[in-house]
Every structure is written in C-alpha cells, then in structure tokens.
Amino acid sequence: MSDGIRLAVTLYLPTTLAPRERYPALLEYLPYRKDDDEAVRDFGTHTYFAKRGFVGARVDIRGFGMSEGSPPDREYSAQEQQDAEEVIAWLAHQSWSNGNVGMLGISWGGFNSIQVALRKPPALKAILAVDATDELFKEDVHYMDGIFHVDEFELTMDLDQGRTGAPDFTLNESAIGPRMNSPPWSLMYMKHQRDGIFWRSPVRPIETLQVPAFLIGGLQDGYRDSIPRMLDKVKAPLKAWIGPWNHGFPNDSDYGPLFEWRDQAVRWFDYWLKGRDTGVSGDPKLIVYQQHWHAPQSKSQDVPGEWRAENSWPPAGAATTALYFQSEHRLSFGKTEEGLDQLRNIPSTGVEAGFWWGELLTDQRPVDAYSLIYDSPALTEDFAILGIPRVSMQVTADAPLANWFVRLSDVAPNGSVTMVTGAGINGAQRDSMANPKDLVPGTRYPLSVDLHLASWVFPAGHRIRIAVSNALWPMNWPTPYPLTTSIAFGGKAPSLVNLPRVALHGSAPPPFAAPQPVEKPADIDQIGAGAWPGSWTVLRDEVNQRSTVTWQGSAAVSYPWGRFDHSERLIYEIDDTHPELASVQGDSEYIQSVKHHILTWRGRLNVVSNAHTFFYKYTRTLLKDGAVIKTKTWEEPIPRDHQ
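Description of the structure in this document. (Residues numbered from 1 in each chain as written. Predicted model: local features only at pLDDT ≥ 70, side-chain atom pairs only at ≥ 80, totals over all residues. Heavy atoms only, no water.)

### Some points on the overall build of the protein
- Along the backbone of the protein there are 10 helices and 34 strands.
- Here the C-alpha radius of gyration of the protein, 25 Å, is about what a compact globule of 643 residues would show, namely 26 Å.
- On the principal axes, the C-alpha backbone points of the protein span a range of 80 × 60 × 40 Å.
- Taken over 643 residues, the protein has a buried fraction of 60%. (Helix = DSSP H or I, 4+ residues; strand = E, 2+ residues; numbered from the N terminus. Rg over C-alpha atoms; globule rule 2.2 N^0.38 Å. Buried < 20%, exposed > 50% of the residue type's maximum accessible area, 1.4 Å probe, protein only.)

See below:
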C-alpha cells in the first residue's frame, strides 16, 4: 500500500497462462483469513474461475490474516476501501492482466463490492454481490430495524482481531501487539445507537452506482431488501437472482432447491470483463422464486415453489391489496367501524421468531399468544404476493419508549402458523432514525412499517395473519419499561396492511444448472458442519418470570500445521417484571495447535443494562500452552440513546 503496509494475496492463475495472454482479475476482499478459516471455500470458488480464464485474487484486509498492519477501527472503514482501490489498480497493471477487474463476494465481500463500486475505481468494470446490503444501520446485524442486537458475529469479529496469520501465528510483539490491543468493534457500535454520519460515511448514495452489478439474494436471508431497493434506484446495468436460500451461495444453502451460481457468474464477467456476448444483456432483470406454502419447521429442506422472470420492479401487473384491522381480531378486505385493542407487553416474547429476519422457523403460535393478531377470512382462491408489504397502524403507549414488531404469517386449516416475513420499528425513530424522540405516553401516533421482502402464495382455505408485539427477544434488546400499548382501527386513518399482490404465475426463466462438484484442497479436512446454526435452548423460570436463551456452536478443522477448534456460546437473560435488567454474555474460544505449542484465544463479552445505561465489558486473552501471555479488558458504561 502507499503507506508501506503489505496486504497478503493468494492468486489463482489459469494453468494456460502464457507470456502474451491477458486475463481479467476477480477480487474477493475479506477479513476472514484466506490461509485457514476460508481456505476450503476460497479454493472451490477461485479454482472454478481460474479454469475459465480469470485470475482469482483473494486478499486479506489490513490487520487480518497474513496482511500487515493494525485492524481498522470498524467494518467497511475508509482505510479498507482506500486499500481496495490500490489493490484493484495493482491487479489491473500486472503482466497477465487485460486491465479489467471484477469484485465478488458474499456477505462482507458483497458489502464491500458495492461500497468500492460506488467509489468508481477506473479498472473496476463489474461486481457480483451475494447476500449484501448498502444500509448499515437499519439492515446490518448491530441494530436490527434500528433496534440494538447482539449475536455471534460480535464474538467472532472481536476475537478475530487478535489473531495473527497462518501458518506461523507469530507472537512477535510488532504483529501480535496491535492486534490484541485493537479495541473491539462491538464497543464502537454500541456508542452509535442512531443512524447518521457514522453509519452513512462508509457508503455513498446507492443511486450513484455506475458499475454493472449482479445481485444474488435469499428469501431466508436478512439482507434481501437491498435487491428491490437497488432495482428501484440504480440506473447502472443490474441483474438480480433471488432464491429460497438463507445466508449462503445458491449451491450451498441450508434450504433448497440448490443451483449452480458460478456458471452464471462466468457469463456475467465474460461479458463485462472480456467483451464476450454471453447473452446476459438479454436476461430478465430479475429472476425470483415464488415460494409456496410449507409447514413451519426450521430443518434443512427444499422449499416448494416456482421461478418467475420479471423485467421491471415492482413486477409488471403488481397491485396493492389492503386488508384492514378490525374488531374481534379480524382482517377484512373492506373498512370497518372504529375500535381499539390493547396489549400488555411480555418482554420475553419472540424466541420462536429467530435471531434475525431470516431462516425458516418453527410454528409461530407461541409468539402469537403474546401478540395482537388479526386474521383474514379463509381465502377462497390462491393469493400470491411479491414485494414489500407495508403495515400502517395508529398506536399509543403508556411509556416514553416502545418498539413494535409486525409479522405476516400463513395460518393453515390445522392451525399451524408459518411466518412469511416481518419487521420492527423503534417508536422513538418513528419520524427519523437519525433524530429519535421520546413518545408522549397516551398520544396516538401513526406508524408505517415496511416488512422485509416477501414472496409467497397463500393457498385457498388458508388465512392471512398479521401479528403485532412489543418485544421480539432475543433478536432485539427490550425497551426498559413495563408497558401497555394499543392499536386503533377504523375511522379516517385506519390500521391496515398493504400486500403487493401479483399474478399466480409469471414468465418462466431459462433453467438453471444443478450444483457442480466443488474442488477442495487435499490437505485440509473440515470436521463437522460448522458453528452456525448451532443449537439453542430456552429455559423459563415461571415463578420468578425470568427467561434464558442459550445458543452454542462449534467447529473444527485439520490443517497441515495442526488442528483448529472453535467454540462459541451466547446466554441471553431477561426478567419480564424488570425488562431494563436484560443481559447477554458471550464466550468464544479458538484453540490452534501449531508446531510444538497450543495457542488459545479467548473472548468474553458482557452487556447488561438498567433503565438508562448499557454496561459493556469485553476481555480478549491469549494463552500459550495454557499460560496467559496477553490479556486486555475494555469496560465502559454507555448511555442508552432511545434503545
């Protein structure tokens, strides 16, 4: 880099490389350690592209893995993006390069592909972003829908900052010191509890995107809303593919049907980086999976449905259908008389709704029992939706801070409830996420909640359900007050849901290929399925009205230089009578055998709250053969800012 720091890169070169041949480069740029943690995945991805005439460039961002320097102070920092521009320029000027570079990646790699494309580096000609978003406050994992959230990502990233690169795992102070002493990112995020310049500065306005983008998303992924937003706002060439998947590639999701994606990526990058007419300019703008009803369960499965092709967004022929809240917990297709429903908040409500707005879930009846529910009549015909449902409500609360969570579900004739989508809103952010304001108890407010992208066919005989609660724990941190809220319906400003109804069938797209074999390095052996999704249990103390959720996951990998074991655990606790006293404790441990030693990294996160303050504590520790050689603790009270 221009400041003398060296970034580590693995290049995957075509075996046909000859002095006069020129190839485009495909950059994947991550903190997720190319030489150990992601080595198996990287190999399968980049060998595929190298065999098809691309040079794969897998780069560790500054301060991670084998790259030099201190970790940045946050995700998607200015330093990370400036370094990316230098990397792209370097790739474009290599002797084997045709001068064109593409970026690709999933999650973080998709996020920074979009961010770097918005900076318009001259050699970057196209990107492919999977499961990514441009909205960092509302849609990333720190403030889910603007409400404070803690999950295993914090544990992983805060501890990863302390590790040096494989296979040497040097303990030299010049390398290990800056990493072990780098402040945990979770502390930084807790100090920014509202939208604003901190969250906006890493990303330029999405409507300024000029680099062609291929977007892939999953209907069970928490970042799916970025695709319809970009289809609506971006003028650059876009191609989008949304399947029934969760946070994974289309050939490696927990939910199917699964399909090959790398062949579609080759078509995309051949067109934009090599100038070959692969037909992508004639592809539908959006290919999306229309999900059909399936019974509620969270196990790996194929989701029933069919593909449809759309050349516009919203889809051609889409029309809004309104269903109105009314008395006796009904949804009607016509306006009704005025009325009011009240709900006493139970802060431990929501365990069955999962850890984020993604994944397939179990039956929602336990959550609905502590929610206001509104059901349509049994449908007389199939009813298909595709888009962003919007719920408008007239609400009051008897406390200065309240959250509302809205879930759209399908109620089968046997009573089982399958969640389709949902979203939350922090009542203090009703007008602005950047300038939250207390609620005035007893004052009626209009709330508008855009639910996350939905694709669903409600079958005839089923009912459409809207469920509203004031808690969704442990996904979101509870408000500190015992409270009762109300929803008013009918009258001149009715409470209702607008559903984006579409025809039952769309145009059929060209067929996709089944997943092809993925090459793996011969000397690395993954042991087990990985830490996520792990397992979680719920314990309720009915006498004292306390609830505990414990999540844990583990993984192990065998490398030529030794075995790596990783374990994580999160314990969430809440008191229904004192919601201000919520807490989460997280523990993460990495055990790395290397040469004749055992290195152990441990991270412990504790966040507890009272009515006015979060109390934060994080400790990062490094042991060699069981003896502590480095440890550092960060401990700080942080005022609650409308959270």
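And the narrative resumes.
### Concerning the packing of aromatic side chains
- This structure, assessed with the given rule, holds 43 aromatic pairs.
- Measuring from centroid to centroid gives 5.7 Å for Phe214 and Trp268, while their planes differ by 50°, and the two rings are tilted. With Phe214 in strand β8 (residues 213–218) and Trp268 in helix α9 (residues 262–274), this residue pair connects regions lying 54 residues apart in the sequence. In this pair, the class of Phe214 matches that of Trp268, namely buried.
- Between Tyr271 and Trp272 the ring centres are 4.9 Å apart and the planes differ by 85°, which places this aromatic pair in the edge-to-face class.
- Residue classification places Tyr271 among the partly exposed positions, given a relative accessible area of 25%.
- An aromatic cluster is present here, built from Tyr32, Phe64, Tyr76, Trp108, Phe111, Trp185, Tyr223 and Trp356 joined pairwise through their rings.
- Directly above the ring of Tyr48 sits Arg52, whose terminal nitrogen or CZ lies 3.6 Å from the centroid. (Phe/Tyr/Trp six-rings, centres within 6.5 Å; stacked < 30°, edge-to-face > 60°. Lys NZ or Arg CZ within 6 Å of the ring centre and 35° of its normal.)

### Looking at the sheet that holds strand β11 (residues 286–291)
- Strands sit in the order β1-β3-β2-β4-β5-β8-β9-β11-β13 across an open sheet of nine strands; the sheet is mixed. Taken across any chain shown, the strands that pair with only one partner, and hence form the sheet edges, are β1 (9–12) and β13 (305–310). Shown here is a sheet whose adjacent strand axes are inclined to one another by a mean of 20°, direction ignored. (Pairing = 2+ DSSP bridges. Axes fitted to C-alpha atoms, helices over the stretch in contact; angles between N-to-C directions.)

### Quick look at a nonpolar patch on the surface
- On the surface, a cluster of nonpolar side chains totalling about 370 Å² of accessible area is made up of Val9, Leu11, Leu13, Leu17 and Trp90.
- Tracing the sequence through the fold places Val9 in strand β1. (Patch = residues over 30% accessible without salt bridge, like charges linked within 9 Å, V, L, I, M, F, W, Y side chains within 5 Å. Areas by Shrake-Rupley, 256 points an atom, 1.4 Å probe, with all protein chains shown as cover. Salt bridge = Lys/Arg side-chain N within 4 Å of Asp/Glu carboxyl O.)

### Remarks on helix α1 (residues 39–50)
- If you check α1, its first and last C-alpha atoms are 16 Å apart, about what 12 residues at 1.5 Å a residue would give, namely 16 Å.
- Within α1, 10 of the 12 residues are buried, which leaves it mostly tucked inside the rest of the structure.
- Of all the residues in α1, the buried ones are Ala39, Val40, Asp42, Gly44, Thr45, His46, Thr47, Tyr48, Phe49 and Ala50.
- The inward-facing, buried residues of α1 contact β1, β2 (23–30), β3 (55–60), β4 (97–106), α9 and β27 (525–527). (Expected span 1.5 Å × (residues − 1). Contact = heavy atoms within 4.5 Å.)

### Some details on the pairing of β8
- Judged by how many residues are buried, β8 sits mostly within the fold: six of six residues are covered.
- Burial along β8 is two-sided: Ala213, Leu215 and Gly217 facing one way and Phe214, Ile216 and Gly218 facing the other are all buried.
- Relative to β8, strand β5 (residues 124–130) is paired through four bridges, and the arrangement is parallel. Residue pairing in the sheet places Ile127 in a bridge with Ala213 of β8.

### Some remarks on the nonpolar core
- Counting 146 residues, the largest nonpolar core has Leu27, Trp241 and Phe269 as its most contacted members.
- Of all hydrophobic cores here, the second largest spans 37 residues; its members include Ala402, Val406, Leu447 and Leu483. (Core = buried A, V, L, I, M, F, W, Y, C linked by side-chain atoms within 4.5 Å.)

### As for the packing of helix α2 (residues 78–92) against helix α3 (residues 108–118)
- Closest axis-to-axis distance for the α2/α3 pair is 10 Å, and the angle between their directions is 75°. One finds that α2 runs roughly perpendicular with respect to α3. Residues Glu80, Gln81, Ala84 and Ile88 of α2 form the contact with α3, whose own contacting residues are Trp108, Asn112, Gln115 and Val116. (Parallel < 35°, antiparallel > 145°, perpendicular 65-115°, else oblique.)

### With respect to the pattern of salt bridges
- Following the criterion strictly, the structure yields 40 salt bridges and no others.
- Between Arg62 and Asp3 there is a salt bridge whose closest N-O contact spans 2.8 Å. Of this pair, Arg62 sits in the loop between β3 and α2 while Asp3 sits in the segment before β1, and the two are 59 residues apart along the sequence.
- The closest approach of N and O atoms between Asp42 and Arg41, which form a salt bridge, is 3.0 Å.
- Judged by relative accessible area, which is 22%, Arg41 ranks as partly exposed.
- In this structure, a network of salt bridges that share partners links the residues Glu28, Glu38, Arg41, Asp42, Arg58 and Asp60.

### A few points about the environment of Asn403
- Here Asn403 lies in strand β20 (residues 403–411).
- Take Asn403: its relative accessible area is 3%, and that puts it in the buried class.
- Sequence-wise, Asn403 and Lys595 are 192 residues apart; in three dimensions their C-alpha atoms are separated by 52 Å.
- Contacts of Asn403, omitting those with residues within four sequence positions, involve Ile147, Ile425, Asn426, Gly427, Ser469, Asn470, Trp477 and Thr479.

### Focus on the side chain of Asp225
- Mapped onto the elements of the fold, Asp225 is located in the loop between β8 and α8 (226–233).
- Arg224 is the oppositely charged side chain nearest to the buried, salt-bridge-free Asp225, at an N-O distance of 4.7 Å.
- Engagement of the side chain of Asp225 in a polar contact is seen with the backbone nitrogen of Leu453, the distance being 2.8 Å.
- Each residue touching Asp225, except ones within four places of it in the same chain, is listed here: Glu139, Ile388, His452 and Leu453. (Lys, Arg positive; Asp, Glu negative; His and termini not counted. Polar contact = N/O pair within 3.5 Å; in protein donor to acceptor, adjacent residues only side chain to side chain.)

### What to know about helix α4 (residues 152–160)
- Of all nine residues in α4, nine are buried, a share of seventy percent or more.
- All of the buried residues in α4 are Glu152, Phe153, Glu154, Leu155, Thr156, Met157, Asp158, Leu159 and Asp160.
- The backbone nitrogen of Phe153 lies 2.9 Å from a side-chain oxygen of the residue at the head of α4, namely Asp151.

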